[in-house]
Every structure is written in structure tokens, then in C-alpha cells.
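Residue-level listing of the chains:
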Amino acid sequence: MTDVRALQVKFPEAEVTELRRRIHATRWPDKELVADASQGVKLETVQALARHWGSAYDWKKCEARLSALPNFVTEIDGLDIHFIHVRSKHQTALPMIVTHGWPGSVIEQLKIIEPLTDPTAHGGGAADAFHLVIPSIPGYGLSAKPTQTGWDPVRIAKAWVVLMKRLGYTRFVAQGGDWGDSITEQMALLGAPELVAIHTNMAATVPPEISKSLAAGNPAPAGLSADEKHAYEQLDWFYKNGLGYAQEMAHRPQTLYGLVDSPVGLAAWILDHDAASQALMARVFAGHTEGLTRDDILDNITFYWLTNTAISSARLYWENRLAFFDVKGVQIPVAVSAYPDEIYTAPRSWAERAFPKLIHYNKLPKGCHFAAWEQPELFVGEMRAAFKSVR
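Remember, it's a predicted structure, so these values are computed and weren't measured experimentally.

Procedures and definitions
Residue positions are counted from 1 within each chain, in the order its sequence is given. In view of the model being predicted, local features appear only for residues whose pLDDT reaches at least 70, and side-chain atom pairs are presented and counted only at 80 or more, with totals across whole chains, interfaces and linings using the full set of residues. The side-chain values count all of the structure's non-hydrogen atoms but skip hydrogen atoms and water molecules. Working definition: helices are DSSP H or I runs of at least four residues, strands are E runs of at least two. Numbering for both runs from the N terminus. Accessible area is worked out with a 1.4 Å probe on protein chains only. A residue is then buried under 20% of its type maximum, exposed over 50%, and partly exposed in between. By definition, residues are in contact when any of their heavy atoms lie within 4.5 Å. For every accessible area listed, the method is Shrake-Rupley and the probe measures 1.4 Å; residues are considered covered only by the protein chains on display. Only four residue types enter the charge count, namely Lys and Arg as positive and Asp and Glu as negative; His and the chain termini do not. Where a charge lies is defined by one atom per residue type: Lys uses NZ, Arg uses CZ, Asp uses CG and Glu uses CD. Disulfides are defined in this document as cysteine sulfur pairs within 2.5 Å. The definition of a polar contact used here is a pair of N or O atoms within 3.5 Å, where within protein one atom must be able to donate a hydrogen and the other to accept one, and adjacent residues in sequence count solely through side-chain atom pairs. In what follows, salt bridge is the name for a side-chain nitrogen of Lys or Arg lying within 4 Å of a carboxyl oxygen of Asp or Glu. Pairing of aromatic rings covers Phe, Tyr and Trp, the last counted by its six-membered ring, and requires centre-to-centre distances within 6.5 Å; plane angles under 30 degrees mean stacked, over 60 mean edge-to-face, and any other angle means tilted. By the criterion adopted, a ring carries a charge over it if an Arg CZ or a Lys NZ lies within 6 Å of its centre and within 35 degrees of its normal. Axis definition: a line fitted to C-alpha atoms, over the contacting stretch in the case of helices. Angles run 0 to 180 degrees between N-to-C directions. Throughout, a crossing is termed right-handed when the near helix is turned clockwise from the far one, and left-handed when it is turned anticlockwise from it by less than a right angle. Note on residue classes: Ala, Val, Leu, Ile, Met, Phe, Trp, Tyr, Cys and Pro are nonpolar, Asp, Glu, Lys and Arg are charged, and everything else, Gly too, is polar.

Overview of the overall build of the chain
Summing up its helical and strand segments, the chain has 17 helices and 9 strands in all. The buried share of the chain, reckoned over its 391 residues, is 56%. Taking the intrachain contacts of the chain between residues at least 6 apart in sequence as the baseline, contacts between residues at least 24 apart amount to 77%. On the chain, roughly 16,300 Å² of surface is accessible, and the fraction owed to carbon and sulfur atoms is 52%. The distance from the centre of the 38 positive side-chain charges to the centre of the 43 negative ones in the chain is 2 Å.

A word on the state of the cysteines
Tallied over the entire structure, the rule returns 0 disulfides. Cysteine cysteine 62 is unpaired, with the sulfur of cysteine 368 as its nearest cysteine sulfur at 18 Å. Accessibility expressed as a relative area gives 1% for cysteine 62, which makes it buried. In this structure cysteine 368 comes out as buried when scored by relative accessible area, which is 3%.

A few points about the side chain of serine 213
Mapped onto the elements, serine 213 comes out in helix α7 (residues 208-215). On the basis of relative accessibility, which here comes to 11%, the residue serine 213 falls in the buried class. Side-chain polar atoms of serine 213 contact the side chain of tyrosine 232, separated by 2.7 Å. Discounting chain neighbours no more than four positions away, the residues touching serine 213 are Asn218, Pro219, Pro221 and Tyr232.

Structural notes on the pattern of salt bridges
Two side chains of opposite charge can pair, provided their charged atoms sit close to one another. In total, this model carries 17 salt bridges according to the counting rule given. Across the pair aspartate 296 and lysine 111 runs a salt bridge, and its minimum N-O distance is 3.0 Å. Here aspartate 296, found in helix α13 (residues 294-307), pairs with lysine 111, found in the loop between β4 (94-99) and α4 (113-117); they are 185 residues apart in sequence, far enough to count as distant. Residue aspartate 296 is classed as buried on the basis of its relative accessible area, which comes to 10%. Ionic pairing is found between glutamate 194 and lysine 165, a salt bridge with its closest N-O pair at 3.7 Å. Taken together, the residues span a long stretch of sequence, with glutamate 194 in the loop between α6 (179-190) and β7 (195-200) and lysine 165 in helix α5 (residues 153-166) at a distance of 29 residues.

What about the packing of aromatic side chains?
Counted under the stated rule, the structure contains 18 aromatic pairs. Centre to centre, the rings of tryptophan 59 and phenylalanine 303 are 6.4 Å apart; their planes meet at 15°, and the pair counts as stacked. Taken together, the positions of tryptophan 59 in helix α3 (residues 59-67) and phenylalanine 303 in helix α13 put the pair 244 residues apart, joining distant regions of the chain. Side by side, tryptophan 59 and phenylalanine 303 carry an identical accessibility label, which is buried. Ring centres of phenylalanine 238 and phenylalanine 325 lie 6.4 Å apart, and the angle between their planes is 75°; this geometry places the pair in the edge-to-face category. Residue phenylalanine 238 is located in helix α8 (residues 226-242), and its partner phenylalanine 325 is located in the loop between α14 (310-319) and β8 (334-338); the two are separated by 87 residues in the primary sequence. For the pair phenylalanine 238 and phenylalanine 325, one class covers both residues: buried. Members of the aromatic cluster, connected to one another through ring pairs, are Trp102, Trp179, Phe238, Tyr239, Tyr245, Tyr317, Phe324, Phe325, Tyr344 and Trp350. Its guanidinium or amino end placed over the ring of tryptophan 318, arginine 321 lies 5.9 Å from that ring's centre, counting from NZ or CZ.

Some thoughts on the packing of helix α1 (residues 13-24) against helix α2 (residues 43-56)
In a pair of packed helices, the angle between the axes and the distance between the axes together describe the arrangement. The interhelical angle for the contact between α1 and α2, taken along N-to-C directions, is 145°, at an axis separation of 9 Å. At the point where α1 passes α2, the crossing takes the left-handed sense. Residues Leu19, Arg20, Ile23 and His24 of α1 form the contact with α2, whose own contacting residues are Ala50, Trp53 and Gly54. Grouping the constituent residues of the contact of α1 with α2 by class yields 4 nonpolar, 2 polar and 1 charged.

Printed below as a string of C-alpha cells:
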């Protein structure tokens, strides 16, 4: 049960053919009745996505990238866990486990693997090297789907510690955003001596009094700094306007049959995660050059489709009982990267209060919810700086 088994990433061509057939057979709704995206992802965006997906897009390129990496599976707590494991050639490399979120996958991390494991070929030095472990959350990607309830962020955090120790790492760090942050912060709370520090690009730093005010729907309290007021307004907007997807998945994930049956339905659901990243992806399919390409976006959506994980991934919201952004009480060293177009940009003052052992804080000039995917160069620089003091 503790064996680590190699995994070949390959999907039947018949499934890819069926995907294209379903895209072409899409039954379209009427156009939205407003000029902006306030009613949801605009029809022109999803139709542009479908045109590219059904004709020009080639999944095999992404599959080749994935299959060229060392992929493995190991059973932990009765469930097969998939992970990518790339060891650096530098003996002093720092082991790091990197966890994706929703609607992400290991696809998010593909651009950072080479720069982090082979820094001397990517503008860094040997002292910047990492050994990387990039797992798929249970119910996501190539990990097994739980057949019983109970796989919440705490249980996943425990599994990740087991995974790193099983791979022989007696000293390591952890990184995550979105669910990856929840899981990573829970790893820190477990008190495993092997975990020496964590990094997050979606930090849980909201103080209790701010959380209470937001829950009441109040305007920003007096006395906040400019950064704190901005963060408050971002969260206030998100709670009032952007939480629909999370509420549905938290309460009724099994109802989302349309995501399993319709590729275009799945794509629209994934695009509509948060306002900033949805706007970025809309610009991409309108022909603009952004941090992501059309194929980047479709690689991730296609991975969800081929693994049939729309509902199994959604169940993590149903399992979760943690407040996403509230302070958790992490006491080990923490590094924070605050991106301007994240759901909220964690202010330094809140980060210092939330994490008494804050070893790094940086407010980035660019980047949204999918930090490693959209801005890999900035992200790699953050990893090198974040963990320098704990090597």
C-alpha cells in the first residue's frame, strides 16, 4: 500500500473525438441582455472558445507535455493519489509540494517546473533549486475520486505530509493558492516537524472583526489603511456578487450534471470563477495577448473533461467547513505573495497580524488568481525569494 507506481498519461483518441462532436452539437442560449458580464460569461466569449476548441485546438500537445514528466500514483488513506515528482540535479535543492485549487489542476504548474528545478538554466543559481512534488487533489485530475465522504482540506493536508515523507523528504516546504492555500495552511497547523515553512498566493489573513463586518454586509469600517480598504471592498464585492459557483458546489454539487454532459457548459462554469480572471480569459478569446493563451485555458478545461471530474472536484466545497479567508492561526514561517487581481489582495498589515513568523511579503505588479499559470516568471522569482531564509 506504500508503493509508488509510475503512471503513463494517455487518453483514448475516441474520447477526444467525442469531445469535439459534443462541442459542435452545442445548443446555444440567447445572448445576454446587458453589455457587460454582470449576467455571466458573455455568449461571444464562449462561442469564440468553442470555435477554437472544436477546430484549432490540439489536446495531444498538452498530453505530450504531461506524459514527458515523471508521473506517479501512490495509495494514501485508501485513495490513489496522483502526483508529478521532478527532482533537481542540484543536491542542495529544497523539496517543495505545490498544490493547485479549483478550477485548476496540475496544468497550472507546468510552466514553473523547469525554472524551479533547473534554475541555472533559467536565470538563477544552484542555491535557488527545488525538488518539486505537484499532486492532484482527490477528485481532481488523475487522482482517484473519493467513494466516501470526509476528504476535506484537513484530511488532504494529512495525506500530503504522508506523501512527502513517503518520498523520503525529512525537511520540506509547501506552497498553494485557492484550495492549495487551505490545504497548505492546514499542513502548517498539523505541526509536522518536517514542514519548515509555507508560501501562499491567496493568503487567509482577514481579521475577525473585518470578517464579522463583511458577513453583515457593512461598508468598510473607518480607520482602515488604503490597502486594507481596497481589500475590504474586493471581498465585499466578491461575497455579494461572485460567490454563486461556490455556493452551488458547497450546497448541491451533485446537481451539476450539465457540466459532465456538456463541454461548453463545463467551460463556461470554469471561466466564471472570479471577475478578474474571467475578464482576462474573455480578452484572450477576443484575440488579445495576455499571460494565458487560448490553448492554456483549453488545456485545463479539457483535462477536467477527459478525467470526468466536474462533480467530484466540486464536492470539495461540500466537504469544506473552513472559512476561506479568515485567519487560521499558523505559527510556522509563512511567505505571502499578494497579486493585484486576486480575489482580494492581502495587505501587509493583515499578513503580519495573521502570521507572526512572516518571512516574506511582496505586493506584485501584475497577476490574478492563477499566479503560477498566468505569471510564471514572477511566481518563480517569488519562490526563490520566499524560501531563501529557510534553506
